[in-house]
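Working through the structure, step by step
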Amino acid sequence: MYTTELDKSPAGQPVTIEDPELLAKFEARVAADDFIEPKDWMPEAYRRTLVRQISQHAHSEIVGMLPEGNWLTRAPSLKRKAILLAKIQDEGGHGLYLYCAAETLGTSREEMIDALHSGKAKYSTIFNYPTLNWADIGAIGWLVDGAAIMNQVPLQRTSYGPYARAMVRICKEESFHQRQGYDLLLEMVNGTPEQKAMAQDALNRWWWPALMMFGPPDENSPNTAQSLRWRIKRETNDELRQKFVDATVPQADLLGLSVPDPDLKWNEERGHYDFGEIDWAEFYAVVKGQGPVAQERMSERRAAWDDGAWVRDAADAHAAKHAARAAA
Ligand code: BYC
């Protein structure tokens, strides 16, 4: 334990001195696309990066239930209500798989939840925007879950086994979520002119926040380079954002809706869409907790936790009873 690993810690994290032999073996395994498992040796900074990313991802799933839950009682038909209910339950499940994956790294569920509720931990910026009308539910499915899939499909090959395996089921479910959102909007654009206008309004408001979900541009992303080396991330923020724009613009065309970006243009030479500059000042303000409904989301989240205390207590009492019976 005597060498320094000066260049291996992501920005802002303390540097840990690691055993060079263990480190070399670890790096060779990552380079060979082996999965790293919970009991395997791993550098401390790798563990910390995973806990940060997986727990933030879990928090996003849980906080993401709130803007949609808001619309359950106002769904326009039984069919739409059943679909929305199933989707929100899926999101809760995603949060649980991800918290479990993070727990395998030695962090307790309580620590993670405390970090969320105290405002120390981040969750996706996208959930700090309000859901103003029913078309927003379609836009969330189409754009938010669409962006999530784009980011999460490569995470099925992330180097940490429990995270990669959690992503397999999550991606399958996200794909249904994206389809239901698109289907909802397809129905609205083929409805009355007012319904089509609502769909356009939702696209106008959700487009740019959806592009921000991929994180800062690569040159301003402190974590990407190291996360790529460790194969935690498999593609950069900008690569995934570009893929999302390329896949989504034709879908907007099919809906007969226009993407709110005057600079959006197909670039024949690059084989990609060029798009306008994202408002990064807005992104960083939202990351810092200044999103339009950030305070409302967190107080709703804390209230949901407090209201659910009796369920956790009942589950603990049930488990204790079973353990006592088994011991007897
Ligand atoms: N929002 O160096 P960077 C869902 C932070 S849930 C907030 O590029 P990294 C859904 C970043 O954390 C979808 N913060 O970081 C659920 C870092 O700060 P820290 C959630 C953001 O980690 C319910 C700093 O900015 N998906 O879809 O290499 C209903 C610098 O960034 C954001 C995931 O969580 C943001 N948008 O890359 C419907 C996917 N962007 O931590 C839908 C897993 C950046 O150093 N996560 N920051 O203090 C990832 O893939 C990566 O963590 C990110 C960021 C691409 C998000």
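See the structure shown above.
Note that the structure is predicted; figures quoted are calculated from it, not measured.

**Examining the nonpolar core**
Within soluble globular proteins, side chains that are nonpolar tend to cluster in buried spots. One finds Tyr46, Ile54, Leu143, Tyr160, Trp206 and Trp207 to be the most contacted residues of the largest nonpolar core, which totals 75 residues. Ignoring any residue separated from it by four or fewer positions in sequence, one finds Tyr160 in contact with Phe35, Ile36, Glu37, Pro38, Met42, Tyr46, Leu50, Ile54, Ala101, Thr104 and Leu105.

**Observations concerning the site of the ligand**
In the neighbourhood of the ligand, 35 residues make up the surrounding shell, with Arg52, Lys122, Ser221, Lys233 and Asn237 lying closest. Within the side chain of Lys122, an N or O atom sits 2.5 Å from an oxygen atom of the ligand. Between the ligand and Thr125 there is a distance of 2.9 Å, counted from a nitrogen atom to a backbone nitrogen or oxygen. For the ligand, the protein covers 90% of the area, taking 1,000 Å² as the surface of the free molecule. Among the elements that take part in the shell around the ligand, helix H2 (residues 44-63) stands out by supplying six residues, more than any other. Per-class residue counts for the shell around the ligand are 13 nonpolar, 14 polar and eight charged.

**Quick look at H2**
Taking 1.5 Å of rise per residue, the 20 residues of H2 would be expected to cover 28 Å, and the 28 Å separating its terminal C-alpha atoms lies within 8% of that figure. Most of H2 sits out of view: 15 of its 20 residues are buried.

**Remarks on the state of the cysteines**
The full count for this structure, using the stated rule, is zero disulfides. You can see Cys100 has no disulfide; the closest cysteine sulfur is in Cys171, sitting 17 Å from it. Taking the relative accessible area as the measure of exposure, Cys100 reaches 38% and is therefore partly exposed. Overall, the relative accessible area of 7% leaves Cys171 in the buried class.

**Some remarks on the pattern of salt bridges**
Within the structure shown, the criterion is met by 19 salt bridges. As a salt-bridge pair, Arg80 and Glu187 come within 2.7 Å of each other at their nearest N and O atoms. Within this pair, whereas Arg80 is found in helix H4 (residues 78-103), its partner Glu187 is found in helix H7 (residues 161-189), the two being separated by 107 residues in sequence. Judged by relative accessible area, Glu187 falls into the partly exposed class, the value being 49%. Note that Arg205 is salt-bridged to Asp201, the shortest N-O span being 3.0 Å. With a gap of four residues between them, Arg205 and Asp201 both fall in helix H8 (residues 193-212), about one helical turn apart. Asp201 sits in the partly exposed class, given a relative accessible area of 31%. Connected through salt bridges with shared partners, the residues Glu68, Lys87, Glu91 and Asp145 form a single ionic network.

Calculation rules
Residue positions are given per chain, counting from 1 as you read along its sequence in written order. This being a predicted model, a pLDDT of at least 70 is required before a residue's local features are given, and a value of 80 or more before pairs of side-chain atoms are given or counted; all residues contribute to the totals for chains, interfaces and linings. The side-chain values count all of the structure's non-hydrogen atoms but skip hydrogen atoms and water molecules. By convention a nonpolar core is built from buried Ala, Val, Leu, Ile, Met, Phe, Trp, Tyr and Cys residues, the set being connected through side-chain atoms within 4.5 Å. Only protein chains enter the accessibility calculation, which uses a 1.4 Å probe. A residue is then buried if its area is under 20% of the maximum for its type, exposed if over 50%, and partly exposed in between. By definition, residues are in contact when any of their heavy atoms lie within 4.5 Å. Consider each residue's heavy atoms; a residue with any of them within 4 Å of a molecule or strand counts as near. In protein, a polar contact requires one atom able to donate a hydrogen and another able to accept it; more generally it is a pair of N or O atoms within 3.5 Å, and residues adjacent in sequence count only if both atoms are side-chain atoms. Here, Shrake-Rupley sampling with a 1.4 Å probe gives the accessible areas, and only protein chains in the shown set may cover a residue. A run of DSSP states H or I qualifies as a helix once it reaches four residues; a run of E qualifies as a strand once it reaches two. Both are numbered from the N-terminal end. When residue character is reported, Ala, Val, Leu, Ile, Met, Phe, Trp, Tyr, Cys and Pro are called nonpolar, Asp, Glu, Lys and Arg charged, and the others, Gly included, polar. Expected span of a helix, by definition, is 1.5 Å for each gap between consecutive residues, and there is one gap fewer than residues. Disulfide assignment relies on a single distance test, namely cysteine sulfur atoms paired within 2.5 Å. Definition used for salt bridges: Asp or Glu carboxyl oxygen within 4 Å of a side-chain nitrogen of Lys or Arg.

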